[in-house]
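Coordinates in review
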Amino acid sequence: MDLVEVIPERLHMLRFPIGQAYLWRDGADLTLIDAGHAGAAAAIEGAIRSLGLRPEQLQRIVLTHCHRDHVGAAGELAARWGAEVLAHRLDAPVVRGDLLVPEPVLLEWERPLYAHGLTVPQAPPTRVDRELTDGEVLPFGGGAVIVHAPGHTPGSIGVHLPSHGVLFTGDCIAGVGQVMLGVFNVDRAEAIATFGRLAALSPSVACFGHGDPLTVDTTAVLRAAAEAAGTETH
């Protein structure tokens, strides 16, 4: 796992072989956006300690959606350190193991990528302490606004920190090679509409579930990519 500084003293990316999570810091309080794959808890704890922080400072784990590379270590971390686990109400039953993961509608070129993604260990059933809805404000980052962002999964969310100009997009948007619509969507048309809504938030930093964060000309790049996604034919 690689630990990458995004905003000094505030935000770090934890990059795994597939997918990534983000660690946000408000003084002594820590928030994890997504939690990597099953078995990644020790690496995440090590990353926290390497920053001179303690895992028991972890207050909450906000899951952007129910997929295994984002949920996997959440339960273990929460059980060890008492962090609250939060997910949108539509994905929470999947995270808990009460419903199956929704099947994406794959484009032909996505099929080998999807097969590779399934090499990530399956996430164990994970408790969700709080179910989120659109527009809720969480007590970190100066007020973190939950943005329902369906399309990738029914309960995908973005997490917007307006006070800091930061947007966590989950897998709604990807930054692998170029900024683009995320892959493996259950509803591509809905995902494209979501992309436009997220771009309209005009962040200065965009943090994706896959690919490097966008920190330069962020709003312009997001809006151009959203427009391009809306005109693609497959």
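Remember, predicted model here, so these are calculated numbers, not experimental data.

So, about the pairing of strand β10 (residues 157-161). Counting buried positions along β10 yields five of five residues, so the element is predominantly enclosed. Side chains Ile157, Val159 and Leu161 project from β10 onto one buried face, and the interleaved Gly158 and His160 project onto a second face that is buried too. As paired strands, strand β9 (residues 144-148) and β10 are joined by four bridges and run antiparallel to one another. Paired with His148 across the bridge in β10 is Ile157. Two strands pair when backbone bridges link them, and β10 and strand β11 (residues 166-170) are joined in this way by three bridges, in the antiparallel orientation.

Before going further, it helps to spend a moment on the sheet that holds strand β2 (residues 11-15). Spatially, the seven strands line up as an open sheet ordered β1-β2-β3-β4-β5-β6-β7, and their pairing is mixed. Unpaired on one side and paired on the other, β1 (2-7) and β7 (130-132) mark the two borders of the sheet. Each strand axis lies, on average, 25° off the axis of its neighbour in the sheet, ignoring direction. The pairing of strand β5 (residues 58-62) with strand β6 (residues 84-88) spans three bridges and is parallel. Directly across from Arg60, in β6, lies its bridge partner Glu84.

A few words on the pattern of salt bridges. Here the structure, examined in full by the defined rule, presents eleven salt bridges. Notably, a salt bridge pairs Arg25 with Glu9, separated by 3.5 Å at the nearest N-O pair. Of this pair, Arg25 sits in strand β3 (residues 20-26) while Glu9 sits in the loop between β1 and β2, and the two are 16 residues apart along the sequence. Overall, Glu9 belongs to the exposed group, its relative accessible area being 57%. The salt bridge involving Arg96 is made with Glu131; its shortest N-O contact spans 2.7 Å. Of this pair, Arg96 sits in helix α4 (residues 92-96) while Glu131 is found in strand β7, placing the two residues 35 residues apart along the sequence. When salt bridges with common partners are traced through the structure, they connect Asp2, Arg15 and Asp212 into a single cluster.

Procedures and definitions
- Residues numbered from 1 in each chain as written.
- Predicted model: local features only at pLDDT ≥ 70, side-chain atom pairs only at ≥ 80, totals over all residues.
- Heavy atoms only, no water.
- Buried < 20%, exposed > 50% of the residue type's maximum accessible area, 1.4 Å probe, protein only.
- Helix = DSSP H or I, 4+ residues; strand = E, 2+ residues; numbered from the N terminus.
- Pairing = 2+ DSSP bridges.
- Axes fitted to C-alpha atoms, helices over the stretch in contact; angles between N-to-C directions.
- Salt bridge = Lys/Arg side-chain N within 4 Å of Asp/Glu carboxyl O.

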